[in-house]
Amino acid sequence: EIGSGLVGSEMCIETVINVVTFALYGIDKWKAIHNKWRVREATLLITVLIGGSLGAFIAMQMFRHKTKKWYFKYTVPAMLVVHVALMVLLVVKL
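These figures come from a predicted structure and were not determined experimentally.

Draft legend 1. Local environment of helix H3 (residues 70-93). Compared with an ideal rise of 1.5 Å per residue, which puts 24 residues at 34 Å, H3 spans 34 Å between its outermost C-alpha atoms and is within 8% of the ideal. Turning to H3, its buried residues number three or more, namely Phe72, Val76, Met79, Leu80, His83 and Met87.

Draft legend 2. Main features of unusual backbone geometry. Although it is not a glycine, asparagine 35 sits at a positive phi angle of roughly 50°. When you line up the elements, asparagine 35 lands in the loop between helix H1 (5-33) and helix H2 (41-63). Backbone geometry places arginine 64, a non-glycine residue, at a positive phi of 50°. Its place among the elements puts arginine 64 in the loop between H2 and H3. The class for arginine 64 is exposed, based on a relative accessible area of 68%.

The rules behind these values
- Residues numbered from 1 in each chain as written.
- Predicted model: local features only at pLDDT ≥ 70, side-chain atom pairs only at ≥ 80, totals over all residues.
- Heavy atoms only, no water.
- Helix = DSSP H or I, 4+ residues; strand = E, 2+ residues; numbered from the N terminus.
- Expected span 1.5 Å × (residues − 1).
- Buried < 20%, exposed > 50% of the residue type's maximum accessible area, 1.4 Å probe, protein only.

Structure below.
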């Protein structure tokens, strides 16, 4: 059963990380528009690396944010592929 045990816990953690990542991208876009102190790019990328790639990818498209910087343009989709593959492996093995 997918919703139980380790897989269920992992999916809950991934959901939280992705929601936080999405929010950080949205906050950073708002701050960029209003000339406020910004979220560090390193923070945005770290959230992608630890599992927030889906949230970052959706936020990039929705807010049109960080879409021109090559290290976001290529890192976010690449990490999304890696994270999806890892989740599939986790579900298949358990």
